[in-house]
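# Structure assessment
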Amino acid sequence: MPTDTDAELVELLARGELTPLGRVADSSNGALLCVVGDPVDEVLAIVKPEATERPLWDYPHGTLVARERAAWLVSEAGCFGVVPPTVLRDGPRGPGSVQLWVGPVSEEPDPVVEVCPPHAVREDWVVVLHGEGPTGERVVVAHSSEPALRTVAVLDAALNNSDRKGGHLLRDGDRVRGCDHGVSLGVEPKLRTVLWGWAGDPLPDADVERLERLRVALAGPLADDLSPLLTRDEIRALVQRVDRLLRRRTHPLPDPGWPAIPWPAL
């Protein structure tokens, strides 16, 4: 469950004054970077207004911000610690999600996924895709093999995340945070990710324990917390995915009926 610090952050995100700093340039859904709170306790947050969501063919319109909140609830219930604190509230453009900003604003963070020439893959990194660069040169998509990133991959499998790009992954101390979960928690299998380096491998014991915590929570109050955010079928599908992961205890393999890698990968 949330730490005291996380609980304080959630309270600040829910009640602090929102001051927009600007629109996130590469956002397809009108996301805003905002300051939350006053100069004494202010933090940065990403605000995603429901009104500026881009309609999608495979997710009901107006549900993406609710999925952002639901993904945080799931992450916290299993003690994954992946999704930054996220609330739903009124903002500069009406109701939407407000999520804690993670990482530096003015400098490039140390990546956990990158595109590089095959000879430049970092030691202990895993190659998941071979391709060509703009001028025909050979490149690969590779990701770190660190346990914190593997935990993200396990949570994504439970969430049925259909858009895990490398740019959605950020280092935060000794853990890796994941953002942008608006296209997750659907019923049909749609896992699409750059984190296929462990496909078919046994799940680490620590991540099995997280899934077990999540399963217990889904049999209790978590289901009630998710009911205003997801449909009954979506909650049932989440339970089924967690049960399947616990039964098989392996990372899932790509589904041949669905694109395995998001585009763009980063």
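Attention in this report is confined to the structure presented alongside it. (Residues numbered from 1 in each chain as written. Predicted model: local features only at pLDDT ≥ 70, side-chain atom pairs only at ≥ 80, totals over all residues. Heavy atoms only, no water.)

### Comments concerning the overall build of the chain
For the record, the criterion: Secondary structure counts use DSSP, requiring at least four H or I residues in a row for a helix and at least two E residues in a row for a strand, with both numbered from the N terminus. Radius of gyration here is computed from C-alpha atoms only, and the compact-globule reference equals 2.2 Å multiplied by the residue count raised to the power 0.38. A 1.4 Å probe rolled over the protein chains alone gives each residue an accessible area, and that area as a share of the maximum for its type sets the label: buried under 20%, exposed over 50%, partly exposed in between. Contact between two residues is taken to exist if any of their heavy atoms lie within 4.5 Å; hydrogens are not considered. Accessible areas in this description were obtained via Shrake-Rupley with a 1.4 Å probe; residue shielding takes into account the shown protein chains only. Counted as positive: Lys and Arg. Counted as negative: Asp and Glu. His and the chain ends are not counted at all. In this description, the location of a charge corresponds to atom NZ of lysine, CZ of arginine, CG of aspartate or CD of glutamate.
The secondary structure content of the chain amounts to six helices and 10 strands. On C-alpha atoms alone, the chain measures out to a radius of gyration of 18 Å, which is about the 18 Å that the 2.2 N^0.38 rule sets for 266 residues. When its C-alpha atoms are laid out on the principal axes, the chain stretches across 50 × 45 × 35 Å. Expressed as a percentage of its 266 residues, the buried residues of the chain come to 48%. Taking the contacts inside the chain whose residues are at least 6 apart along the sequence as the reference set, 66% of them involve residues at least 24 apart. Carbon together with sulfur atoms contributes 53% to the accessible area of the chain, which is approximately 13,100 Å² in total. Charge separation in the chain, taken as the distance between the mean sites of 28 positive and 41 negative side-chain charges, equals 6 Å.

### Section: the side chain of Asn160
Put simply, the rule is: We define a polar contact as two N or O atoms separated by no more than 3.5 Å, with the added condition that, inside protein, one atom must be a possible hydrogen donor and the other a possible acceptor, whereas residues neighbouring each other in sequence contribute only through side-chain atom pairs.
The residue Asn160 is located in the loop between helix 3 (147-159) and strand 9 (169-172) in this model. The class for Asn160 is buried, based on a relative accessible area of 3%. Among the polar contacts listed, one links the side chain of Asn160 to the backbone oxygen of Glu188, at a separation of 2.7 Å. If we skip the residues at most four places from it in the chain, Asn160 touches Tyr59, Val183, Ser184, Leu185, Gly186, Val187, Glu188, Pro189, Lys190, Leu191 and Arg241.

### What about the environment of Val154?
With respect to the element layout, Val154 can be found in helix 3. Once the C-alpha coordinates of Val154 and Asp207 are considered, the two residues, 53 residues apart in sequence, prove to be 7.0 Å apart. Not counting residues within four places of it along the chain, the set of residues in contact with Val154 comprises Phe80, Leu203, Asp207, Leu211, Leu245 and His251.

### Description of the sheet that holds strand 3 (residues 43-49)
Just so we agree on the cut-off: Two strands are counted as paired when DSSP detects at least two bridges linking them. Lines are fitted to the C-alpha atoms to define the axes, a helix being fitted only along its stretch in contact, and any angle between axes, read from their N-to-C directions, falls within 0 to 180 degrees.
Here we have five strands laid out as an open sheet, ordered 1-2-3-5-4, and antiparallel in their pairing. On the outer flanks of this sheet lie strand 1 (18-23) and strand 4 (86-91), each paired with one strand and no other. Each strand axis lies, on average, 35° off the axis of its neighbour in the sheet, ignoring direction. Strands in contact with helix 2 (residues 64-77) are strand 3, strand 4 and strand 5 (94-100); relative to strand 4, the strand with the most contacts, it is inclined by about 150°.

Note that every value here comes from positions in space, so none of it alone points to a role or purpose.
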